[in-house]
Amino acid sequence: MSEKQFRTTIGGQALIEGILMRGPEKQCIVVRGPEGLVIKEEELTLIKDRYPVLGLPLVRGSVTFLDSMVKGVKALMFSADYFPEEAGTEEPSRFERWLDQKLGNEKMEKLVIGFSVVLAVCFSVGLFMLLPTFLASFVERFTDSVLVRNLVDAVLRIAIFMSYMIAVSRMKDIRRTFSYHGAEHKTIFCYEKGLELTVDNVRIQSKHHPRCGTSFLLVVIIVAILINTVIFSLFPVDNVFLRMLIQLLLLPLVVGITYEFNRYVGGHDNPVTNLLAKPGLWMQNFTTFEPDEAMMETAIEAMKRVIPAEKGKDQW
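Residues numbered from 1 in each chain as written. Predicted model: local features only at pLDDT ≥ 70, side-chain atom pairs only at ≥ 80, totals over all residues. Heavy atoms only, no water.

A look at the packing of helix H7 (residues 216–234) against helix H8 (residues 240–267)
Counted only if it meets this: For helices, the fitted line uses only the C-alpha atoms of the stretch in contact; every axis is such a line through C-alpha atoms, and the angle between N-to-C directions lies from 0 to 180 degrees. A run of DSSP states H or I qualifies as a helix once it reaches four residues; a run of E qualifies as a strand once it reaches two. Both are numbered from the N-terminal end. Between 65 and 115 degrees an angle is taken as roughly perpendicular, under 35 as roughly parallel, over 145 as roughly antiparallel, and anywhere else as oblique. We call a crossing left-handed when the near helix sits turned anticlockwise from the far one by less than a right angle, and right-handed when that turn is clockwise. In what follows, residue pairs with any heavy atoms lying within 4.5 Å of each other are defined as contacts. Each residue is assigned to one of three groups, with Ala, Val, Leu, Ile, Met, Phe, Trp, Tyr, Cys and Pro labelled nonpolar, Asp, Glu, Lys and Arg labelled charged, and all others, Gly among them, labelled polar.
It is the contact of H7 with H8, at a shortest axis distance of 8 Å, that shows an interaxial angle of 125°. Taken as axis vectors, H7 and H8 run oblique relative to one another. Here H7 runs over H8; the crossing is right-handed. On H8, the residues touching Phe216, Val219, Val220, Val223, Ala224, Ile227, Asn228, Ile231 and Phe232 of H7 are Arg243, Ile246, Gln247, Leu250, Val254, Val255, Ile257, Thr258, Tyr259, Phe261 and Asn262. Of the residues contributing to the contact of H7 with H8, the split by class is 15 nonpolar, four polar and one charged.

Shown next as structure tokens:
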């Protein structure tokens, strides 16, 4: 490779005993099932290709985020089918059998995916954004200062988010998934450095990657804090529920700004962007762990299948 390190747009996601890698042309799911590797490749179809307006700056952030969530949930469901289960399986409930009869497998799968995405978004927004705002409103009993209220809101957001991430990272099954996350990062690093994709070459790479997609939520929270502080300082809103509603309305803008911020930081290497990337890198201490050899082999297999034939087509 040249002296300037190559940056790829290829990204991934850790699954249940597997990896999802997404390139510019296709994505590949590789799951380590009981009988060996299970591989599923798909050509990528982007909604912005059909509707160019959805690819405009600030707009594309929310579109890309939702698209990634839908594809991620589908990949998780696929990997769960091959995850070794405990002895004994429960029979489908009467409600599940009714849904299957009325909707069929394909429609029911879409329903489950849609419900899962909505539930995940509602959970994240409710826990990391709306709950802190609600709790911060109790400060008004002691002071009328908008600045103090905004400061308490910001501290609560960061505290709840970090507490949640630390608690989740201590769970055995999640920790193993986060080890696959580490394998994904190491493999991408290995590819970007122009090294042969082997376990030995992947093993020596860092598990902290500056363009990690899971750092996105942390940046969303920080951007939301900044926007809310400015808006509610200039235009104070006393009613806590109205403040929560305004935050929901501002969410697409927050996600759009975060997406553009991540694109810029990921595409530049200088002291300023390196400093801006540090919070996300620090958070990866809780979301990435060292993988074993089998995990790295899984990530390598997924990576090889999404590298475009045309060299440089995945240039960041």
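Quick notes on empty space enclosed by the protein
Filter applied, for reference: Site definitions follow a grid-based scheme: protein atoms alone, a 1 Å grid, a 1.4 Å probe that fits but cannot get out for cavities, and for pockets an open set with protein on both sides within 12 Å along at least five of seven lines, plus lining residues having an atom within 4 Å of a point. Grid points are joined across faces, edges and corners, and a volume is the space filled by probe spheres set on the points.
A full pass over the atoms with the stated rule returns three cavities of 30 Å³ or more. In this model, the largest cavity occupies a volume close to 60 Å³. Lining the largest cavity are Asn150, Asp153, Ala154, Arg157, Ala224, Ile225, Asn228, Thr229 and Phe232. Among the elements of the structure, helix H4 (146–169) and H7 are those that each provide at least two residues to the lining of the largest cavity. With five residues, the top contributor of residues to the lining of the largest cavity is H7. Grouping the amino acids of the lining of the largest cavity by side-chain chemistry returns four nonpolar, three polar and two charged.

Section: helix H9 (residues 271–287)
An α-helical turn contains 3.6 residues, so a residue and the one three or four places further along point in the same direction. For clarity, the cut-off: Given the number of residues in a helix, its expected span is that number minus one, multiplied by 1.5 Å. Take the seven residues that end at a residue and the seven that start at it, fit an axis to each, and the angle between those axes is the bend at that residue. The cut-offs for exposure are 20% and 50% of the maximum accessible area for each residue type, with area from a 1.4 Å probe on protein chains only; residues under the lower value are buried, those over the upper are exposed, and the others partly exposed.
Between its terminal C-alpha atoms H9 stretches 25 Å, which fits the 24 Å expected from 17 residues at 1.5 Å a residue. Where H9 bends most, at Lys278, the angle is about 40°, and the proline Pro279 comes one to four residues later. Among the residues making up H9, those that are buried are Thr273, Ala277, Gly280, Met283, Gln284, Phe286 and Thr287. Taken together, the buried residues of H9 touch H4, helix H5 (172–192), H7 and H8.

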